[in-house]
Amino acid sequence: MKKKSVALFLSAAMIIGTLAGCAAPAAPAAAPADAPAKEEAVEEAPAEAEAPAEEEAAPSGEKVTIDFWDMVVGGDNYPAEAAEHAKKISEEYPNIEIAYESIPWANRYETFTTAIASGQAPDMSTGGGYQSFQYAASGEILDVGSIVEEWKEDGTYDNYNTAMIDYFQYNGQQVGIPWNYEPRYMLYRADWFEADGIEPPTTWDEIMAAAEHFTDPANGKYGLAYPTSGSSGNVLFNIWFGMNGGGIWTEDGQALDWTNEKNVEALDFIRELNKAGVFPEGLGAYESNEVVQLAVQDSVAMVIIVGGASGAQIAEAGFGDKFQYLDVPTGPSADGNNGYVTAINAIMAYSQTETPQETKDALKWWSENMIDLWTSKTAQVSGIPVRNDWLQSETYTSNIADPYMIECINRTINKGQMHTLIYPASNIVGWQTQNAFDGERWWTALSQAVLTADDGTSSLDLLQERQDDGNELLKELDGAE
Amino acid sequence: MKNTNKSAQKPAASHKKFYQKDWFIAYILLIPAFLFLFSIRLWPMVQGIGMSFTNRRLLNDRPLKFIAFDNYIRVFHDKEFWGVAGYTLAYALGTVICSYLLGLGVALLMNMKIRYRGIFRMILMIPWVVPGVVTAYIWKYALNDQIGIINIMLQSLGLIKKPIGFLASPQGARTMAIVVNVWKNYPYMALVMLAGLQSVSEEIKDAARIDGGGALDVFRYVVMPELRTVSMMCTTLVFIWSFNSFDSVFLLTGGGPNKATYVMSIEAYFQAFQKMNLGYATSMATVMLIFMLVVSLFYMRITSAPPD
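As the structure is a prediction and not an experimental result, all values here were calculated from the model.

## So, the overall build of chain B
Moving on, step 1. Scanning chain B from terminus to terminus reveals 14 helices and zero strands.
Moving on, step 2. Counting helices and strands in the order they occur from the N terminus, chain B gives α-α-α-α-α-α-α-α-α-α-α-α-α-α.
Moving on, step 3. Buried residues in chain B amount to 45% of all 308 residues.
Moving on, step 4. For chain B, long-range pairs separated by at least 24 residues make up 67% of all intrachain contacts whose partners lie at least 6 apart in sequence.
Moving on, step 5. As displayed, chain B offers around 17,000 Å² of accessible surface, 69% of which is attributable to carbon and sulfur atoms.

## Section: the interface of chain B and chain A
Moving on, step 1. Contact with chain B, which involves 52 residues of that partner, is made by 55 residues of chain A.
Moving on, step 2. Summed over both partners, the interface of chain B with chain A comes to about 4,400 Å²; 65% of that surface belongs to carbon and sulfur atoms.
Moving on, step 3. Interface area lost by chain B to chain A is led by B:Leu59, B:Gln146 and B:Gln274, which between them contribute 14%.
Moving on, step 4. Taken together, the connections running from chain B to chain A amount to two salt bridges.
Moving on, step 5. One salt bridge connects A:Glu476 with B:Arg57, and the closest N-O pair in it is separated by 3.5 Å.
Moving on, step 6. Our enumeration of links across chain B and chain A arrives at twelve residue pairs in polar contact (both at pLDDT 80 or more).
Moving on, step 7. Listed by contribution, the elements that provide at least two residues to the side of chain B that touches chain A are α2 (22–51), α6 (132–142), α11 (228–243), α12 (247–253), α13 (264–273) and α14 (278–304) of chain B.
Moving on, step 8. Sort the elements by how many residues they give to the side of chain B that touches chain A and α14(B) lands first, with eight residues.
Moving on, step 9. Taken together, the residues that form the side of chain B that touches chain A break down as 31 nonpolar, eleven polar and ten charged.

## Details of unusual backbone geometry
Moving on, step 1. With an omega dihedral of 10°, the bond running from A:Tyr423 to A:Pro424 counts as a cis peptide bond.
Moving on, step 2. Here A:Pro424 shows up in the loop between β12 (418–420) and α20 (431–439).
Moving on, step 3. That bond from B:Gly256 to B:Pro257 is cis: its omega, 0°, falls within 30 degrees of zero.
Moving on, step 4. Mapped onto the elements, B:Pro257 comes out in the loop between α12 and α13.
Moving on, step 5. Despite not being glycine, A:Asp298 has its phi angle at roughly 60°, a positive value.
Moving on, step 6. Among the secondary structure elements, A:Asp298 is positioned in the loop between α13 (288–295) and β8 (300–306).
Moving on, step 7. In this structure A:Asp298 comes out as partly exposed when scored by relative accessible area, which is 27%.
Moving on, step 8. The backbone phi angle of B:Lys259 is positive, close to 70°, even though this residue is not glycine.
Moving on, step 9. Note on placement: B:Lys259 falls in the loop between α12 and α13.

## Examining the confidence of the model for chain A
Residue and element names in this part refer to chain A.
Moving on, step 1. Confidence in the prediction of chain A, expressed as mean pLDDT, is 85, and 87% of residues score 70 or more.
Moving on, step 2. Within chain A, helix α1 (residues 2–23) has the poorest average pLDDT of any element, 44, and helix α9 (residues 204–214) the best, 98.
Moving on, step 3. The low-confidence segment residues 6–58 (pLDDT under 50) makes 172 contacts with residues lying over four places distant or belonging to another chain.

## Thoughts on the packing of α13(B) against α14(B)
Residues and elements named next belong to chain B.
Moving on, step 1. One way to put it is that α13 packs onto α14 with a least axis distance of 7 Å and a crossing angle of 160°. As summarised for this structure, α13 and α14 are arranged roughly antiparallel, according to the angle between their axes. Considering only the axes of α13 and α14, their crossing is left-handed. Note on element contacts: α14 touches α13 through Leu278, Tyr280, Ala281, Met284 and Met288, opposite Met264, Ser265, Glu267, Ala268, Gln271 and Ala272.
Moving on, step 2. For the contact of α13 with α14, the class distribution of residues is eight nonpolar, two polar and one charged.

## Overview of the nonpolar core
Generally speaking, a soluble globular protein has its nonpolar side chains buried in company with each other.
All names here are of chain A.
Moving on, step 1. One finds Trp240 and Trp366 to be the most contacted residues of the largest nonpolar core, which totals 151 residues.
Moving on, step 2. No other element matches the eight residues that strand β10 (residues 340–349) contributes to this core.
Moving on, step 3. Counting contributing residues, this core receives three or more from each of domain 1 (39–181 + 344–415) and domain 2 (183–341 + 422–478).
Moving on, step 4. Those residues within four positions of Trp366 in sequence are excluded, and the remaining contacts are Phe68, Asp70, Tyr78, Ala82, His85, Ala86, Ile98, Tyr100, Met124, Ile347 and Leu373.

## As for the pattern of salt bridges
Moving on, step 1. For the structure shown, the criterion picks out 19 salt bridges over all chains.
Moving on, step 2. Across the pair A:Glu149 and A:Lys152 runs a salt bridge, and its minimum N-O distance is 4.0 Å. With A:Glu149 and A:Lys152 both in helix α6 (residues 145–154), this residue pair falls three residues apart, about one helical turn.
Moving on, step 3. Here B:Arg209 ties to B:Asp206 by a salt bridge, and the two come within 2.8 Å at their closest N and O atoms. With B:Arg209 and B:Asp206 both in helix α9 (residues 202–210) and three residues apart, the pair spans about one turn of that helix.
Moving on, step 4. Relative accessible area serves as the criterion here: at 37%, B:Asp206 is assigned to the partly exposed category.
Moving on, step 5. Connected through salt bridges with shared partners, the residues A:Glu150, A:Lys364 and A:Glu368 form a single ionic network.

## Description of the pairing of β8(A)
Consecutive residues of a regular strand have side chains that alternate between opposite faces of the sheet.
All names here are of chain A.
Moving on, step 1. Among the seven residues that make up β8, seven are buried, leaving the element largely enclosed by the rest of the structure.
Moving on, step 2. Across five bridges, strand β6 (residues 177–189) lies against β8 in antiparallel orientation. Residue Tyr185 lies in a different strand from β8, and its bridge partner there is Ile305.
Moving on, step 3. Across three bridges, strand β7 (residues 222–225) lies against β8 in parallel orientation. Bridging across to β8, Ala225 finds its partner in Val303.

## A word on the side chain of A:Ser125
All names here are of chain A.
Moving on, step 1. Among the secondary structure elements, Ser125 is positioned in strand β3 (residues 124–125).
Moving on, step 2. What makes Ser125 buried here is its relative accessible area of 0%.
Moving on, step 3. Within the local environment of Ser125, its side chain forms a polar contact with the side chain of Tyr350, the two groups lying 2.7 Å apart.
Moving on, step 4. In contact with Ser125, not counting residues within four places along its chain, are Phe68, Trp69, Phe112, Gln131, Ala346, Ile347, Met348 and Tyr350.

So, how was this worked out
- Residues numbered from 1 in each chain as written.
- Chains lettered and ligands numbered in written order.
- Predicted model: local features only at pLDDT ≥ 70, side-chain atom pairs only at ≥ 80, totals over all residues.
- Heavy atoms only, no water.
- Helix = DSSP H or I, 4+ residues; strand = E, 2+ residues; numbered from the N terminus.
- Buried < 20%, exposed > 50% of the residue type's maximum accessible area, 1.4 Å probe, protein only.
- Contact = heavy atoms within 4.5 Å.
- Areas by Shrake-Rupley, 256 points an atom, 1.4 Å probe, with all protein chains shown as cover.
- Buried area = accessible area lost by both parts, 1.4 Å probe.
- Salt bridge = Lys/Arg side-chain N within 4 Å of Asp/Glu carboxyl O.
- Polar contact = N/O pair within 3.5 Å; in protein donor to acceptor, adjacent residues only side chain to side chain.
- Nonpolar A, V, L, I, M, F, W, Y, C, P; charged D, E, K, R; others polar.
- pLDDT = per-residue confidence, 0-100.
- Axes fitted to C-alpha atoms, helices over the stretch in contact; angles between N-to-C directions.
- Parallel < 35°, antiparallel > 145°, perpendicular 65-115°, else oblique.
- Left-handed = near helix turned anticlockwise from the far one by under 90°.
- Core = buried A, V, L, I, M, F, W, Y, C linked by side-chain atoms within 4.5 Å.
- Domains from an automatic or database assignment.
- Pairing = 2+ DSSP bridges.

Here it is, written out as structure tokens:
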């Protein structure tokens, strides 16, 4: 009997193992880049075009392969074009080749963390905006300060928005080299507004009025749509706080401040819009492609998107003239400090690399030569380049895939209305916490909670929950008191 | 006579050395398979259980400590865990009940002598053979409020005036996750039940009819008892698959909206790979393991029971 029980137990354990394996998943989906930064980092910074300095060829000898994990930071063609571009490194560094691997935003947080934890980190990568800070805190990031020093000597440094380079200083180390920033912004159907004699909205009240005006579900027309799911949905939501001058950190960056009045008003406003029925019914599950789809089938009057691929897709579908860039609408408590938001993304190197010098060479080369990708209409690189000389070059401006970017630069960034995600702080005590908000998809959860919360749950309740959980995280990850 | 026979046979068997005996050879032959299974199944499982008694994080950014049952105590006091466990159970049971009823109905139809039966059976199998990723994306688009075929059909038929955001509300998403899993699993149920139906003797059914039984009586008193074992087996298996399911829910809803469709495997995944709490995540997985072990023992009993 005993033997039988043991046999039964073992068989059951094996069956479980096998069945669990059968049901075990394919990797799932979704978390994108976010980046923070000092407010001044996003200010206009002019510069003259200057050719990248010539590098000495790396010492000859055995060829070194650099594992480069690059996020999908563009349209569908980006990975193939970037992989092809990576091959060109041998023209300048004959001893280096790049093993290029494209990493989707979905699960990037898990992908990198697992790789690092198992000692399989790449040599260098792009990634989420807070990623380099988080891994630097656990000693996994290679200091690339020597690249900045070289650039200072040869003048390349002056071509950069230097505040953004400084932004990636952490505990005396340069934990990443910025390469782009991704603004989130609003577009509106200029032809509809004009036909109905409505001025583009400048305040939230006007957004509400316009959204209600254009909403006609029976004919498939809606006032406003934005992604609430997937990677874009996660990184985009805090634009609502930005438009009202809000944020989730105190001004000195020493504490979390989810529950401030400006944020409460932002959630209240979304709930009002929802009650007014101006959102499409499925908004709570929309990813960015569904919002673009809605836009290009004449179904929505206003959209909020992450600049780059979505803007390019709208333009490509022939809606580039119909949708126009909307200047930052003002929330009720904006006090003149409202803005859209952006994330700054960096290229970083990992301390697990066995070839630190070659990794830095490769990182430097990639940073200096990305212009080929930026000026490819088909690669549709996301966001705006950190290098001012590229930004101002005719080659870039005449080839930009997202036509709204130039408007964004001229009408928002140059007016100081583009905030980073840690606004109103310029530095914060909890970089790991901030990265966790992004990686753990707190924004997605909040975005969906606002749309699905019952009347008994106030906006303050929703934010208080984040405040409490955030404080726990701050203690756990960043050791805050 | 009996005693003589026994004593005549016994020495012949015991003359073999132990390494010549069948049981020894059998164990030797099993060793490679056991080592393989041990290394890829049992050892990770043992390691995982061991980890559940520690504060292990994915990034080794703090000292590793043995914390006994702290993770388990936390699991059982975690309201979110119980909410997730409740939905996981509802998801698995909902799938089993609906796919069983649907599968049985389809099997009864497929068991009838109709033309092109082979083609219908082939079509029936499609949801079962389609990969989970494809299933999730097909449904995701079919359920879309603006371009999804389901909303378009419902509106065309005049059944709804405005589209339904099936995946945008917690209740809708929870229900749809079950519906999609039923769609995926009912062909398996139907196939197994069809095999069961075909094994029911026509003579017994005829006898029941001669005794005055109507179609319903024949089904209830003859067919269903014959299907008991096969029903128990396939419902248990589908329950286990659904309880452990990850990909179909994750790809369909991402666990949303607002965590409404978190099942236990998704929760454990997030705890391990997003929140990096490996110790806590493995304690959740161990709780799942114990529960599934009980279900599997039940399954073993069914399958090892003698036929009725």
